[in-house]
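Here is how the chains run, residue by residue.
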Amino acid sequence: MSALDEIKIGGLGASRKRVEDNRFIRGKGNYTDDIALPGMLHMEILRSPLAHARIKSIDTSKAWDIPGVHLVLTGEMMATRNLAWMPTLSYDTQAVLATDKVRFQGQEVACVIADDPYIAKDACEAIDVDYEPLPVIVNPRQAVAEGAPVIRDDKENQAGNVIYDWEVGDKAGTDRAFEQADLVSKLQLHYPRSHPSPIECCGSIADFNRATSKLTVYMTTQAPHIIRAAVALVAELPEHMIRIISPDIGGGFGNKVPVYPGYVCSILASILLERPVKWIEDKSGNLISTGFARDVYLDGEMALRRDGKILGVRIHTDADHGAFFSDAQPSKFKIGLMHSAFAAYDIPAAHLTARGTYSNKAPGGVAYRCSFRVTEAMFFQERMIQAAADDLGMDQAAFRRMNFVRDEDFPHRTPFGFLLDSGQYAKCLDVGLKAVGYEEFRREQAEARKRGRLLGLGISTMTEPLGAGNSREYDILGIKMFDSADLKVHMTGKAILRTGAKTQGQGHETTWAQIVAHELGIPAEDVVVEEGDTDTAPFGMGTYASRSTPVAGAAVAMVSRKIRAKARKLAAHLLEVSEEDVEWELGRFYVRSAPDRGVTIQECAMAAYSNMPDGMEPGLENTAYYDPPNLTWPFACYIVTVEVDPQTGVWDVLKMVAVDDCGVRINPMIVEGQIMGGLTEAYAMASMQFITFDADGNCVGSNYMDYLLPSAWETPGFELHSEVVTPCPHHPIGAKGIGECAAVGGPAAFVNAVIDALGGTGVRNIDMPLLPDRVWEAATYHRDVSGAPPVRADD
Ligand code: CDP
């Protein structure tokens, strides 16, 4: 008997079709809005039309009079239950329903619960709110200006609008590096606000059962256990009486990590009315009030030696967090992992200062397909690298290669303290350059320039930290960042696996089963994967920041190994030899001295319930909690070529190549899907997604006519390369995260390509999105173009 063929059983490396798609493509998914409970009521939210205004009065009497209305909630009513404000995941507070002031356009002011959502919506319109407008702040410059209105006057000891001032790195060493520099290169830019815009908006159905005292909440959350803990702490309900179920999720991208007022109001309404209450956010509500990302002003300089060696880097960031500091992040870092910037480069000294401020905008800073703030960090890094190479008059690829951390230098400590453990950066770059035809393109570009055609090439090479924890350094609200897996192998060798992660389209149901197949030889199709129900799944921190494979995926491998260890004992019993004489090959234990004598993993499973040795606990089940020793560090090289039309500013992608090294690929097809999706989002951010604020705090572009979701029609083709594989040395199966790499590293490649096309004009920066009018302005007037708010409403 020979070992199983791993690919045939759907193990590691198999491009297995996604099992979850069986239900999704048949329209049989089970999303929050698909759930209808007996006696269910519907909730709608009244939002503020103004960005900053004192609430003089709220008259709800007309709303109460509308037939079919069961409850009208206001901040004042919430306050009687100590629920007008809630704590955020960043140790701030956020208004659930406004009491004193509204602080951003779209803020939640009141809720109506009615027989159906239409009645509830009509009743919201019948609520009369008397606002007294206040001066508005829409950027950090205004936030710290003298005499600026204090947005968070609800907070004791909050004199101005600054949330934090933070620094990290070696200031003195960096100052010395700049003293020794032959050249200092500078860059300033704004990474604009963007919105994850999952196809499914946020929503919840709270169902409080007075008879059992149990609260069940179906909701669109990427982190159900964190929500359970938050509900226990905020609503002061006993944790074992709270069940959070996150059913199928139609995309999350970070939008579904925070706790939103709608969740809290639906829970309170269900408790008060003793009936299930459903809240499904509409598209406009989602787009203007939840889960904004980025909005960071970056200002940096690089100390350079004439030969191209980078001696040091200084970065200052101003982060606009909106009215409440509510993004989830490993709190001690203040601005997420912004200091992962320049990790791929061997830079002796670096210093970063960061200031966070409030503004009259919806809470921002969620990690949209990114590990906290790495998207901004990598974008700035790669834009700065291009600017520095240009200032030196050096070739873009050669400058990167010269400064990369070299293969032989791992493990490498970055100047901000991260430990990089593996990578082949130069090889990735070489594969990318060859694929794009670098030398030939440069010749073609020079020729085209003579004829007035503007061709450009942009490179983005980056490594990002994926997989928070370890628990020593990473926590959210003090809850350590680890993850978990629970595996139950049934009598017939079929199994159910549950993890503390929560898939939102990434394909965990497919890939986790592949890890079990790899570790145990149980065919992947015999393993069903369940996530998202806090009554059944082991405690975990959820899915965001591409942490699932690095942490929960590792837990899946570890729990499988625990099962294998017990199965070995069962095999020894069945084979009547001592455990030391038993060898393992995929799917089977055999006697070392007689390889033909063996038992399959399925036979061991049967024995665990029917023929276990004396004294052995029956069953074949276990749980593993995994606390990673380090983050994983995937690497990517993205290269784009473009042609810019100087007459119109329109730019077209000619070619894009992507070389991603995410270590061992569990499912190569899913990995490619993740990369393509990420590159599509990167292209959208770079080219078309426009959402900003005018001087009155009105959210401009807050509709899907302006904030464009790219379809297959606009999206360029991508050429993917998978030949560089550097296994993660500490991950049990050598995998690194991949989910967000392309969305993180991609935008700089597009912008660099357009700036390169304008080479020689002195244009250093055009803020995203690179809309044709901005590119035209830069190409025509040879000047940088800022996209920072406030904009004119007609822009
Ligand atoms: O946390 P999230 O699921 O968003 O991101 P991820 O861990 O990077 O995984 C995204 C998807 O790619 C999952 O289905 C993973 O199992 C899969 N993947 C893989 O097949 N091989 C890798 N080395 C990394 C991820």
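Residues numbered from 1 in each chain as written. Predicted model: local features only at pLDDT ≥ 70, side-chain atom pairs only at ≥ 80, totals over all residues. Heavy atoms only, no water.

## Looking at the environment of Tyr 474
1) Next: As for its placement among the helices and strands, Tyr 474 is situated in the loop between strand S20 (454–463) and strand S21 (475–476).
2) Next: With a relative accessible area of 2%, Tyr 474 lands in the buried category.
3) Next: Taking the C-alpha atoms as reference, Tyr 474 lies 8.0 Å from Ser 331; in sequence the two are 143 residues apart.
4) Next: With sequence-adjacent residues up to four places away left out, Tyr 474 is seen in contact with Pro 330, Lys 332, Phe 333, Leu 337, Phe 418, Ala 468, Gly 469, Ile 479, Lys 480, Met 481 and Leu 631. (Helix = DSSP H or I, 4+ residues; strand = E, 2+ residues; numbered from the N terminus. Buried < 20%, exposed > 50% of the residue type's maximum accessible area, 1.4 Å probe, protein only. Contact = heavy atoms within 4.5 Å.)

## Considering the packing of aromatic side chains
1) Next: Inspection of every chain in the model, using the stated rule, returns 23 aromatic pairs.
2) Next: With a centroid separation of 6.3 Å and 80 degrees between ring planes, the pair formed by Phe 104 and Phe 324 is classed as edge-to-face. Placement of the pair is Phe 104 in the loop between strand S6 (101–102) and strand S7 (108–114) and Phe 324 in the loop between strand S16 (310–320) and strand S17 (349–357), with a sequence separation of 220 residues.
3) Next: The class of Phe 324 is buried, set by a relative accessible area of 0%.
4) Next: An angle of 40 degrees between the planes, with centres 6.1 Å apart, marks the rings of Phe 482 and Phe 539 as tilted. In this pair, Phe 482 sits in the loop between strand S22 (479–480) and strand S23 (483–489) while Phe 539 sits in the loop between strand S25 (527–531) and helix H15 (548–575), placing the two residues 57 residues apart along the sequence.
5) Next: An aromatic cluster is present here, built from Tyr 345, Phe 404, Phe 410, Tyr 425 and Phe 635 joined pairwise through their rings.
6) Next: Positioned over the ring face of Phe 292 is Arg 193, at 4.7 Å from the centre of the ring.
7) Next: Here the guanidinium or amino end of Lys 332 rests over the ring plane of Phe 333, the centre of that ring lying 5.6 Å away. (Phe/Tyr/Trp six-rings, centres within 6.5 Å; stacked < 30°, edge-to-face > 60°. Lys NZ or Arg CZ within 6 Å of the ring centre and 35° of its normal.)

## Comments concerning the sheet that holds strand S31 (residues 651–661)
1) Next: Read across the sheet, four strands follow the order S20-S30-S31-S34 without closing on themselves; strand pairing throughout is mixed. Edge positions in the sheet fall to S20 and strand S34 (719–721), since each of these pairs with one other strand and no more. Averaged over all adjacent pairs, the angle separating strand axes in this sheet is 15 degrees, with direction ignored.
2) Next: Two elements, strand S30 (residues 635–644) and S31, share 10 bridges in a ladder whose sense is antiparallel. If you follow Ala 636 over to S31, its bridge partner there is Asp 660.
3) Next: Packing against the sheet, helix H13 (residues 438–450) makes contact with S20, S30 and S31, and its axis sits at approximately 145 degrees to S20. (Pairing = 2+ DSSP bridges. Axes fitted to C-alpha atoms, helices over the stretch in contact; angles between N-to-C directions.)

## A word on the sheet that holds S25
1) Next: Taken together, four strands build an open sheet; the order of strands is S25-S24-S23-S29 and the sheet is mixed. Strands with a single pairing partner mark the edges of an open sheet, and in this sheet they are S25 and strand S29 (621–626). Pairs of neighbouring strands in the sheet enclose a mean axial angle of 15 degrees, with direction left out of account.
2) Next: Note: S23 against S29, six bridges, orientation antiparallel. What sits directly across from Lys 488, in S29, is Glu 621.
3) Next: In this fold helix H14 (residues 508–520) packs onto S23, strand S24 (495–499) and S25, with an angle of close to 130 degrees to the strand it touches most, S25.
4) Next: H15 contacts S23, S24 and S29 of the sheet and is inclined by roughly 145 degrees relative to S29.

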